[in-house]
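# Coordinates in review
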Amino acid sequence: MTNFTADLSFGRESETHFANYFSNTSWTPTLAPNYKFPDYDVSISSGSSTITFEIKTDRWTPKTNNVAIEIGRDGEPTGLQTTKADYFVTRVKDIYYGVKTSTLKQYIEDNAEFLRVKQVGDGERTTCVLLPFYEFKNMTVFAINDMVLIQSLLPIIKDNAK
């Protein structure tokens, strides 16, 4: 198994784990179809409302204190550049940090000259912006782990979407 395959599997596990937080709420979680769906990874719906999430798992953040924000692969836009998700969520260890996607895009645009860009992954084919973790946390609208009652966060997530 390549690192890419292992990372893809770990990422899908994170998407499923995140979606399961909403299973016992009034919101219905749905996983996006098999990896090739650029709009978002997870959606939750209740009545006529739908909220979408881009889920990323960063195993390096605890070591580097940076969050790697994918913006391209093989010269083509991907990740943050193509997602239509309301929230960009990064899993660090067992905590999911949710930032409004529009806020993150604007921050990177406004600070591009100060942020480090790095080629990563198998063959260094993926382009990422390295964002200091404390900056990412400063933009966080919600943080979820197994100890947080999702029901208490739903109003915050809904009110801040879009």
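Quick notes on the rules
Residues numbered from 1 in each chain as written. Predicted model: local features only at pLDDT ≥ 70, side-chain atom pairs only at ≥ 80, totals over all residues. Heavy atoms only, no water. Core = buried A, V, L, I, M, F, W, Y, C linked by side-chain atoms within 4.5 Å. Buried < 20%, exposed > 50% of the residue type's maximum accessible area, 1.4 Å probe, protein only. Helix = DSSP H or I, 4+ residues; strand = E, 2+ residues; numbered from the N terminus. Pairing = 2+ DSSP bridges. pLDDT = per-residue confidence, 0-100. Phe/Tyr/Trp six-rings, centres within 6.5 Å; stacked < 30°, edge-to-face > 60°.

## Quick word on the nonpolar core
Ranked by size, the top nonpolar core spans 19 residues in total, and within it Phe18, Phe22, Phe53, Phe142, Ile144 and Ile157 carry the most contacts. At the level of elements, helix H1 (3-20), strand S2 (42-46), strand S3 (49-57), strand S6 (87-92), strand S10 (142-144) and helix H5 (150-160) are the ones that each hand at least two residues to this core. Core analysis: the next-biggest nonpolar cluster, separate from the first, contains 17 residues, Leu104, Leu115, Leu131 and Phe133 among them.

## Points about unusual backbone geometry
One non-glycine residue with positive phi stands out, namely asparagine 65, at about 60°. The residue asparagine 65 is located in the loop between helix H2 (61-64) and strand S4 (66-73) in this model. Within the chain, glutamate 124 stands out as a residue other than glycine whose phi angle is a positive 50°. Looking at where glutamate 124 falls in the secondary structure, it is placed in the loop between strand S8 (116-120) and strand S9 (126-132).

## Digging into the sheet that holds S9
With antiparallel pairing, the four strands of this open sheet are ordered in space as S5-S4-S9-S8. The sheet is open, and its two edges are formed by strand S5 (76-77) and S8, each paired on a single side. Sheet topology note: the S8/S9 ladder contains five bridges and is antiparallel. Considered in S9, the bridge of glutamine 119 is made with threonine 127.

## So, the confidence of the model for the protein
Low pLDDT marks regions whose predicted coordinates should not be analysed in detail. Per-residue confidence for the protein gives a mean pLDDT of 87; residues scoring 70 or more make up 88%. Mean pLDDT across the elements of the protein bottoms out in H5 (73) and peaks in helix H3 (residues 101-110) (96).

## Notes on the pairing of strand S7 (residues 95-100)
Of all six residues in S7, five are buried; the element is thus mostly enclosed. One ladder, built from six bridges, connects S6 with S7; its direction is antiparallel. Of the residues in S7, the one forming a bridge with threonine 90 is tyrosine 97. Between the end of S6 and the start of S7, which pair antiparallel, lie two residues, with lysine 93 showing a positive phi angle near 55°. Bridge count for S7 against S10 is three bridges, and the pairing is antiparallel. Within the sheet, the bridge partner assigned to tyrosine 96 lies in S10 and is isoleucine 144.

## Notes on the packing of aromatic side chains
With the rule as written, the count across this model stands at nine aromatic pairs. Measuring from ring centre to ring centre gives 5.4 Å for phenylalanine 18 and tyrosine 96, while their planes differ by 50°; the resulting arrangement is tilted. Here tyrosine 96 lies in strand S7 and phenylalanine 18 lies in helix H1, a separation of 78 residues in the sequence. Residue phenylalanine 18 is classed as buried on the basis of its relative accessible area, which comes to 0%. Here tyrosine 21 and tyrosine 96 contribute two aromatic rings whose centre-to-centre distance is 5.8 Å and whose plane-to-plane angle is 80°, an arrangement assigned as edge-to-face. Of this pair, tyrosine 21 sits in the loop between H1 and strand S1 (28-31) while tyrosine 96 sits in strand S7; the two residues are 75 residues apart in sequence, bridging distant segments of the chain. According to the relative accessible area criterion, tyrosine 21 is buried, its value standing at 12%. Ring pairing ties together the aromatic residues Phe18, Tyr21, Phe22, Phe53, Tyr87, Tyr96 and Phe142, which thus form one cluster.

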